[in-house]
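Below, each chain spelled out in residue letters.
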Amino acid sequence: MIRIFTAARRASARSIRRPVRMGHAARGGGVLALVLLAGCAGPVTVRHVSLVHSYRDTTRTALQGGRPADETMIVLRRHGLLAAWRADPDRAIATLRTQAAGRDDEGDVLFALAELSYRQGLRHHHAQDFLAAAVYAYAFLQPGQTGGPSPYDGRFRQACDLYNLGLAAAFPAPVNVTAQTRALPFGDIVLSADPAQLRWHGRLLERLQPTATLGVGGIPNVYRTPGLGEALTALARPDPAFTPPQPAPQPAPQAAHEAKHLVQPSAVADLTGPAHDDALRAVPTPPAPHGGNDLASGDPTGSGDEAANDGSFSVSDKLRVPASLLLEIDNPRAQVLGAHLTGRLVLRVMDESPDTPIGHARVPAEYDQTAARALSLVDAALWTKEYRGFFDGTTYDGTRPRLIAMTPHRRGNMPVVFIHGTASSPYRWAVMVNDLLEDRRIRDHFDFWFFSYATSNPIPYSAWQLRHAITQAVDSLGGVKADPALGHITLVGHSQGGLLARMLVINPGDRLWDGTAGRPLSSFHLSDSTRELVHETMFPTAMPEIQRVVFISTPQHGSYLAAMSIARLVGSMVSLPVRVTETARDIVTGAGDSTHLNNRVLRLGSVYAMSPHSAFMRTLPTIPMAPDVQAHSIIPVCGNPRDLTHADDGVVSYESAHIPDVQSELVVRNSEHSTQSNPATIAEVQRILLLQLAQNPPQAMTPAAPRHARRAVVARAGRP
């Protein structure tokens with residue numbers, strides 16, 4: 001080596017002494033010297049790399065669409081199959097398969113076979129390659145048995161992903177969960193499936209769709225539950241063969257109070273499906289008196305279609321549930337190297353099976369819950385009636401007011417009713433609900449219901465619809481005696497929705513009517529139908545089932561925006577139900593010479609009512625809430641003002657939203673009126689629901705019989 005360096009220096013010296021004669025020979029000598037120097041480098045090198053580069057190299061897999069992981073490449077080299085993999089991948093996989101049995105590195109080979117098969121599936125889009133990847137990955141993991149990989153092994157999670165995504169590609173939409181025989185590159189697999197697993201809470205699960213290829217937008221937090229299985233969404237269709245349990249009969253005094261000889265509006269319904277499509281619609285409403293087409297029929301739609309007003313409670317036909325499909329194989333390592341395998345398809349639903357028993361263990365199932373919730377919102381198109389529901393007060397005529405349940409009621413779960421604001425829809429609760437449902441305590445002990453209404457209609461009228469909706473929901477589920485949890489309802493109202501909620505927890509007697517109309521109802525000459533509707537809407541009583549109310553951005557003293565001329569102009573453009581306008585004219589006519597009522601009564605829309613100067617809004621805040629109702633306020637304000645006296649959220653001022661008699665008040669700074677998606681607002685609602693749970697533990701929940709009795713007395717006393 002010393003001689004080589006000496007020769008190199010001599011050649012360099014000669015080139016320096018004769019620079020003019022430097023030609024091709026000299027340049028060739030320099031190149032030769034560099035080659036000789038390079039030959040001194042060792043075959044093994046070590047170099048510094050960045051943390052990002054290091055992690056990228058060690059976590060690279062075929063799941064990303066590129067070359068297999070280093071562990072798989074090691075297996076190919078050790079088995080002398082690297083060249084074969086590059087030349088003929090299928091032959092290399094078949095050869096590696098024959099070399100797997102009886103070797104110490106059987107687990108390593110199974111993982112390599114899973115990844116190589118998945119890579120072939122990506123190349124050729126063959127379902128059998130993806131299915132083989134899932135089978136090999138399952139054998140590598142062998143869940144519920146000993147001898148599987150350590151959870152600290154990076155291949156453990158990769159194998160779960162190979163299994164899950166392999167199933168997603170092998171069982172695309174619509175996923176068929178029935179007994180079947182499927183081809184594999186090396187043979188076949190016979191799969192059994194229990195058809196009973198497609199029945200869920202009296203419904204049939206159908207239109208199963210993988211979520212692996214769905215991208216969710218509009219919901220910032222996308223939640224997935226890691227585990228084993230193909231994440232799916234399932235559409236729950238009413239099962240015609242299902243016979244719902246009959247609700248327990250209500251005591252006679254309460255039934256008489258609830259019915260009031262009216263046909264109640266069929267307010268508890270699915271999201272978009274017609275009434276006759278739901279097998280759970282089995283609770284009849286009281287018969288209508290003679291002349292059911294008049295206002296005494298209690299039909300707020302004005303349709304007069306009494307046959308269609310069959311109250312009931314159900315999950316929307318458009319709402320999807322998170323599910324997971326597993327392919328289970330007994331003794332997978334013993335079967336996987338044979339030509340004919342047997343297994344079974346197992347379907348799990350998230351609310352029933354967070355995990356699944358396999359062998360001697362309970363293995364968590366894979367779910368993509370946010371994708372399921374988002375897809376149900378897209379299918380239902382909740383936002384399509386937001387502005388229509390504002391400008392057209394008859395939006396829900398013929399389709400009835402809607403109380404929507406996300407899932408079937410489970411005994412012991414306390415209902416939470418979300419009530420949206422003006423020109424809005426249940427869609428606006430999506431972000432909040434998505435976050436709340438990730439708290440297992442909330443998901444396991446609360447049911448979420450959503451109320452939709454035409455937001456231009458008079459506030460007392462919409463509150464009356466909400467009251468009937470909740471009453472029918474409780475009655476259809478057997479009542480508070482059958483399930484005491486139904487007597488612990490929480491209302492969450494945003495903006496105008498908060499005013500509707502307040503109307504359900506007050507006992508105004510005649511104060512609300514007298515303050516709005518300016519004179520007692522007894523001084524009016526009204527038809528029986530008009531008088532009955534006035535009683536229902538303007539003389540409410542506190543619902544004993546409602547235990548807690550959350551006001552969000554609620555104009556308790558009116559909205560300054562509603563007092564502006566532009567808001568009044570927009571309010572004048574809305575159309576109200578015919579029966580509402582007829583009732584208003586009957587009141588004005590029945591007032592005799594009291595022409596001062598014209599401006600008070602005829603301006604019935606919600607925009608006029610929410611003006612701080614309206615008689616209704618000046619009266620409502622003076623009526624206290626029932627003493628046994630716990631109330632909470634969430635008040636957003638723009639920016640971060642030091643003085644809240646002049647703060648507002650762009651629609652409602654802080655002074656208007658603030659009320660003294662609440663258990664808590666949270667001011668959400670740097671937030672505008674639509675604060676439902678604000679993390680601070682969501683966290684506060686979560687805190688309130690957990691407080692509700694702590695005060696009403698499932699084992700200590702008791703019926704609210706004394707409150708029901710009190711409601712009947714108050715109702716009779718409130719009659720003018």
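Worth saying up front: this structure is predicted, and the values here are computed from it rather than measured.

1. Remarks on the sheet that holds strand E14 (residues 546-552)
Alright, step 1. Taken together, the seven strands give an open sheet; going across it, the order is E10-E12-E11-E13-E14-E15-E16, and neighbouring strands pair in mixed fashion. The open sheet terminates on both sides in strands that have one partner only, identified here as strand E10 (402-405) and strand E16 (664-669). Direction aside, neighbouring strands of the sheet carry axes that sit 20 degrees apart on average.
Alright, step 2. Strand direction decides the pairing type here: E14 and strand E15 (residues 630-637), joined by five bridges, are parallel. Among the inter-strand pairings, Arg-548 is bridged to a residue of E15, identified as Gln-630.
Alright, step 3. Seen against the sheet, helix H16 (residues 459-476) touches E10, strand E11 (414-419), strand E12 (446-452) and strand E13 (489-494) and runs at an angle of roughly 145 degrees to E12.

2. Considerations on helix H27 (residues 679-695)
Alright, step 1. Between the first and last C-alpha of H27 there are 24 Å, a value that for 17 residues agrees with the 24 Å anticipated at 1.5 Å per step.
Alright, step 2. Restricting attention to buried positions, one finds in H27 the residues Thr-681, Ile-682, Glu-684, Val-685, Ile-688, Leu-689, Gln-692 and Leu-693.

3. Notes on the confidence of the model for the chain
Alright, step 1. Residues with a pLDDT of 70 or more make up 71% of the chain, whose mean pLDDT is 78.
Alright, step 2. Counted against residues more than four places away or in other chains, residues 704-720, with its pLDDT under 50, gives 30 contacts.

4. Thoughts on the packing of helix H7 (residues 106-124) against helix H9 (residues 154-170)
Alright, step 1. Their axes nearest at 10 Å, the elements H7 and H9 cross at an angle of 40 degrees. Considering the angle they form, H7 stands oblique to H9. Along this stretch, H7 crosses H9, giving a crossing that reads as left-handed. Here Asp-108, Phe-111, Ala-114, Glu-115 and Tyr-118 of H7 lie close against H9, whose contacting residues are Arg-155, Gln-158, Ala-159, Leu-162, Leu-165 and Gly-166.
Alright, step 2. Class assignment of the residues belonging to the contact of H7 with H9 gives a composition of six nonpolar, two polar and three charged.

5. Concerning the pattern of salt bridges
Any two side chains of opposite charge can pair if their charged atoms end up close together.
Alright, step 1. Under the defined criterion, the tally for this structure stands at 17 salt bridges.
Alright, step 2. The residue Asp-153 makes a salt bridge to Arg-155 at a minimum N-O spacing of 3.0 Å.
Alright, step 3. Take Arg-155: its relative accessible area is 13%, and that puts it in the buried class.
Alright, step 4. Residues Asp-330 and Arg-344 are paired through a salt bridge, measuring 3.0 Å at the closest nitrogen-oxygen approach. Of this pair, Asp-330 sits in the loop between strand E6 (320-328) and helix H11 (332-335) while Arg-344 sits in strand E7 (residues 340-349), placing them 14 residues apart in sequence.
Alright, step 5. The exposure class of Arg-344 is partly exposed, given its relative accessible area of 28%.

6. Quick look at the nonpolar core
Side chains of a nonpolar character, in soluble globular proteins, are inclined to be buried together.
Alright, step 1. Formed by 67 residues in total, the largest nonpolar core has its most connected members in Tyr-163, Phe-171, Ile-189, Leu-205 and Leu-327.
Alright, step 2. It is helix H8 (residues 127-141) that provides the largest number of residues to this core, a total of twelve residues.
Alright, step 3. Those residues in contact with Ile-189, other than ones at most four positions away along the chain, are Leu-131, Val-135, Gln-180, Thr-181, Arg-182, Leu-184, Leu-327, Ile-329, Leu-341, Thr-342 and Gly-343.
Alright, step 4. Membership of the second largest hydrophobic core comes to 51 residues, among which are Tyr-453, Leu-512, Trp-513 and Phe-539.

7. Description of unusual backbone geometry
Alright, step 1. A cis amide bond links Ala-173 to the next residue, Pro-174, at an omega of -10 degrees.
Alright, step 2. Relative to the helices and strands, Pro-174 is located in the loop between H9 and strand E1 (180-184).
Alright, step 3. In this structure, Gln-142 is a non-glycine residue whose phi angle is positive, near 35 degrees.
Alright, step 4. For Gln-142, the location among the structural elements is in the loop between H8 and H9.
Alright, step 5. Positioned with a positive phi, Asn-331 is a non-glycine residue whose angle comes to about 45 degrees.
Alright, step 6. On the secondary structure map, Asn-331 appears in the loop between E6 and H11.

8. Digging into the environment of Leu-113
Alright, step 1. Checked against the element boundaries, Leu-113 lands in helix H7.
Alright, step 2. Assessed through its relative accessible area of 0%, Leu-113 is described here as buried.
Alright, step 3. Counting along the chain gives 23 residues from Leu-113 to Tyr-136, while the straight-line C-alpha distance between them is 6.4 Å.
Alright, step 4. Among all residues touching Leu-113, those that are not within four sequence positions of it are Ile-93, Leu-96, Arg-97 and Tyr-136.

9. Points about the pairing of E11
Alright, step 1. Among the six residues of E11, six are classified as buried, and the element is accordingly described as predominantly covered.
Alright, step 2. Side chains of E11 alternate between two faces, with Met-414, Val-416 and Phe-418 and Pro-415, Val-417 and Ile-419 buried alike.
Alright, step 3. The pairing of E11 with E13 spans four bridges and is parallel. Bridge pairing in E13 places Phe-418 opposite Val-492.

10. A few points about the sheet that holds E7
Alright, step 1. With mixed pairing, seven strands are arranged side by side in an open sheet as E1-E2-E7-E6-E5-E4-E3. On the outer flanks of this sheet lie E1 and strand E3 (199-200), each paired with one strand and no other.
Alright, step 2. When E1 meets strand E2 (residues 187-193), the two strands line up antiparallel, connected through five bridges. Across the sheet, the residue bridging to Leu-184 is Gly-187, located in E2.
Alright, step 3. Lying over the sheet, H8 contacts E1, E2, E6 and E7, oriented at roughly 95 degrees with respect to E1.
Alright, step 4. Each of E1, strand E4 (203-210), strand E5 (230-238) and E6 touches H9; the most contacted strand, E6, lies at about 105 degrees to it.

11. Quick look at the packing of aromatic side chains
Alright, step 1. If you walk through the whole model with that rule in mind, you get ten aromatic pairs.
Alright, step 2. Ring centres of Phe-111 and Phe-140 lie 5.4 Å apart, and the angle between their planes is 55 degrees; on these two criteria the pair is classed as tilted. Residue Phe-111 is found in helix H7, and its partner Phe-140 is found in helix H8; the two are separated by 29 residues along the sequence.
Alright, step 3. The class for Phe-111 is buried, based on a relative accessible area of 2%.
Alright, step 4. With 5.1 Å between their ring centres and 50 degrees between their planes, Phe-418 and Trp-429 make a pair best called tilted.

Parameters and conventions
Residues numbered from 1 in each chain as written. Predicted model: local features only at pLDDT ≥ 70, side-chain atom pairs only at ≥ 80, totals over all residues. Heavy atoms only, no water. Pairing = 2+ DSSP bridges. Helix = DSSP H or I, 4+ residues; strand = E, 2+ residues; numbered from the N terminus. Axes fitted to C-alpha atoms, helices over the stretch in contact; angles between N-to-C directions. Contact = heavy atoms within 4.5 Å. Expected span 1.5 Å × (residues − 1). Buried < 20%, exposed > 50% of the residue type's maximum accessible area, 1.4 Å probe, protein only. pLDDT = per-residue confidence, 0-100. Parallel < 35°, antiparallel > 145°, perpendicular 65-115°, else oblique. Left-handed = near helix turned anticlockwise from the far one by under 90°. Nonpolar A, V, L, I, M, F, W, Y, C, P; charged D, E, K, R; others polar. Salt bridge = Lys/Arg side-chain N within 4 Å of Asp/Glu carboxyl O. Core = buried A, V, L, I, M, F, W, Y, C linked by side-chain atoms within 4.5 Å. Phe/Tyr/Trp six-rings, centres within 6.5 Å; stacked < 30°, edge-to-face > 60°.

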